Amino acid sequence: MEYMNVPTALFSSPEFIGAEPIQRATWIALLAWCCTQENGGVIEGCRTWGMRRWMQTCGVMDKEVMDGGELYHFDGDDLVVFGYPGGVQKLLERKRVIARENGKLGGRPKTNVGTDIETEEKPTSVNSETNVGTNVGANVQNRKKERKEQPHIGGETTTVNSTPWGESPAAPVLPAVPFPDRERLNDVRGMRCADNHADLGASPGAARFMAATLEINPSWGRTIPTAIETAAALEAYRSAQGRVTPRDMEMLRAYYASGLTEDRNKKAFWRPDSRRKFWECFGDVLTHADRWAKETRWKSAAARKKPQPEQAPQQPEGPVVDTDTAAAEIRGLMKEIGLGGEA
């Protein structure tokens, strides 16, 4: 869902009134993320997430999630968020099914074909048993006329219309033509992204993030990402809230270049070969990379540079004086002040 349809009555409910301000803000962030995922208000298997995973996924901290009160609570390893608009999700799913079935039938059926008052009928709901629009399918079948093709002398074919006398011939029903690949729009997790990467160009930070991730695996930069892959990269950038640093990208490059497959406890490291899978599970991959960095004691290039020792300031050198000249000057000075006679 692109919009969070929350009734205003929730903000005067006992659950919301009895919560602390931090719990309210955390609840809104969790509810917004659940709406984008359309997960029914349940975040599965998230009890063991660390603070970094919570920040990159939902924009909240783990200690804030653990103390939710009545607005959100754990059911086993799953987090249940209060007030999720489940009815809106079911309505959207039903509309998508209807639109998909009507699209298979060629869209809305036309009536009064060939006249000045040509109109389009509104498609009806989808039958729960057959998953096909009842009135739409009947109208399409009624509009189809029996046509026969007969061979003609010279190799040509002639179409014979078998429409009853006195009725105007109905226009042929053409098959639905899909949009060209370059104009196709893909809907991935509620995010629309065109093949020309228009959404990517609108965010310089996301473009830099995607270019940096393509350098992690040398094989990823050989082909241009598809629309679905671009949408997954934008979703990964949005879930990270723009907090991915150059050190993280340097760590991921070293992680993929390393041949270490498991840690000292025989727990395997995960490196997806597919760039689409990498973007879709960016938080998980980054968690494995952090564990690998601790296991190998990896440091970034900036941390490996040793600071140069500071040099002690040198005193400026004075003029070079001959020893004989200096002794003569000292004798003259002593004679002036009366401390000695001639040597």
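Think of each chain on its own: its residues are numbered from 1, step by step along the sequence as written. Only residues with pLDDT of at least 70 get local features here, since the model is predicted, and only at 80 or more are side-chain atom pairs given and counted; chain-wide, interface and lining totals rely on the full set of residues. In computing side-chain properties, one takes all heavy atoms of the structure into account and sets aside hydrogens as well as water.

1. Quick word on the packing of aromatic side chains
The criterion, for reference: Between rings of Phe, Tyr and Trp, where Trp is taken as its six-membered ring, a pair exists when centres lie within 6.5 Å; planes separated by under 30 degrees are stacked, by over 60 edge-to-face, and by other angles tilted. Comment: elements are numbered from the N terminus, with helices defined as DSSP H or I runs of at least four residues and strands as E runs of at least two. The rule is simple: take the accessible area with a 1.4 Å probe, protein chains only, and divide by the maximum for that residue type; under 20% is buried, over 50% is exposed, in between is partly exposed. Over a ring means this: the NZ of a Lys or the CZ of an Arg is within 6 Å of the ring centre and within 35 degrees of the ring normal.
Tallying each qualifying case throughout the model produces 14 aromatic pairs. Summarising the aromatic geometry, the rings of Y255 and F269 are spaced 6.2 Å apart at their centres and angled 85° between planes, so their arrangement reads as edge-to-face. Of this pair, Y255 sits in helix 10 (residues 246-257) while F269 sits in the loop between helix 10 and helix 11 (275-280); the two residues are 14 residues apart in sequence, bridging distant segments of the chain. Of the two residues, Y255 and F269, both sit in the buried class. Counting every residue linked through ring pairs, the aromatic cluster contains F209, W220, Y237, Y255, Y256, F269, F278, F282 and W292. Against the face of F16 rests R24, its NZ or CZ located 4.6 Å from the ring centre. The cationic tip of R53 hangs over the ring face of W49; the distance from NZ or CZ to the ring centre is 4.0 Å.

2. Let's talk about the confidence of the model for the protein chain
The criterion, for reference: Every residue carries a pLDDT, the predictor's confidence in it, which falls somewhere between 0 and 100. Whether two residues are in contact is decided by their heavy atoms: any pair within 4.5 Å suffices.
Residues at a pLDDT of 70 or more form 65% of the protein chain, whose mean pLDDT is 74. Ranking the elements of the protein chain by mean pLDDT puts strand 8 (residues 185-188) last with 35 and strand 1 (residues 42-43) first with 93. Ignoring residues within four places in sequence, the model shows residues 152-160, a span with pLDDT below 50, making 12 contacts including any to other chains. Considering only residues more than four positions removed or in separate chains, one finds that residues 177-198, a stretch of pLDDT under 50, has 39 contacts.

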